[in-house]
Amino acid sequence: MKLLVFLGTVRDSTPPRPARLGVRVAKACLACLHERFAEHEIELIDALDYPLEPVFKPHFAYAGGKAPAALDRLAEKIASSDGFIMISPEYNHSMSPALANLLNHFGSSLFSYKPSAIVTYSAGQWGGMRAAIGMRTFLSELGCLPVSAMIHVPRAQEVFETDGSVQAGEDQAAWFDYFGRSFSQLLWWVQAASEHRRQRDPHALIKSFNRDPSQRNAP
Ligand SMILES: Cc1cc2nc3c(=O)[nH]c(=O)nc-3n(C[C@H](O)[C@H](O)[C@H](O)COP(=O)(O)O)c2cc1C
């Protein structure tokens, strides 16, 4: 299976310290995936690598192959993936605006019928769980329904080093067991959805809503 791991922090400022705390959370997730789920193809999509225009123009709004090449490439990656891991900090009890903005550039038809897993973190004690609740709604609307087991990392700066390894006093196996619960759930659904997509093409069965509200089939 092919999974995309989205990292939703572009913050390059202090305070609060450290900047881009999410990099170490993403590295820890990748280390766990490579150690315990090595048979799958994993690719990191870092929101920092996708500087977006201040005026919002989603990928699907460009006509005739005129979309920026970086958006085209990312659309292809999303289309050819089987599932997603969405890593977000919590800002004002909400998901990262950088992650929401990046995801908003692509239509739900690229994400739909492929499951996702939610990973949140914070510098404080709640691990981004309020952001995670909102992410369930957001990802459901994109059609990449999130699995129930979520990952929250409170005080991530005290758990992971900058390279993603655990700090002294932390139990790496315990963290990987915790991560692994979500990733195992995700991969169960990813495999099930992938097999069923092959048997019955959902896009042939249920038309995408990509032009106007009448496509929702509401009477
Ligand atoms: C604008 C802003 C809002 C924040 N809001 C919250 C919050 O609601 N809950 C929380 O636990 N931490 C909050 N924080 C602290 C973040 O958890 C902390 O800065 C973390 O490092 C952010 O991740 P990042 O460095 O990868 O961007 C906020 C930080 C910023 C910059």
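Residues numbered from 1 in each chain as written. Predicted model: local features only at pLDDT ≥ 70, side-chain atom pairs only at ≥ 80, totals over all residues. Heavy atoms only, no water.

**Focus: unusual backbone geometry**
Consideration 1: In this structure, the amide linkage connecting Thr14 to the following residue, Pro15, adopts the cis form with an omega of -5 degrees.
Consideration 2: With respect to the helices and strands, the residue Pro15 is situated in the loop between strand S1 (2-7) and helix H1 (22-36).
Consideration 3: Residue Pro18 follows Arg17 across a cis peptide bond; omega there is -10 degrees.
Consideration 4: The backbone of His93 shows a phi angle near 65 degrees, a positive value even though the residue is not glycine. (Helix = DSSP H or I, 4+ residues; strand = E, 2+ residues; numbered from the N terminus.)

**Some details on the site of the ligand**
Consideration 1: Neighbouring the ligand are 17 residues, the closest being Arg11, Glu90, Tyr91, Asn92 and Tyr121.
Consideration 2: Here an oxygen atom of the ligand sits 2.7 Å away from a polar atom, N or O, in the side chain of Arg11.
Consideration 3: Between His93 and the ligand, the recorded distance is 2.9 Å, taken from a backbone N or O atom to an oxygen atom.
Consideration 4: In isolation the ligand exposes 610 Å². Once the protein is present, 79% of that is buried.
Consideration 5: Here the residues of the shell around the ligand are counted per class, giving eight nonpolar, five polar and four charged. (Near = heavy atom within 4 Å. Polar contact = N/O pair within 3.5 Å; in protein donor to acceptor, adjacent residues only side chain to side chain. Areas by Shrake-Rupley, 256 points an atom, 1.4 Å probe, with all protein chains shown as cover. Nonpolar A, V, L, I, M, F, W, Y, C, P; charged D, E, K, R; others polar.)

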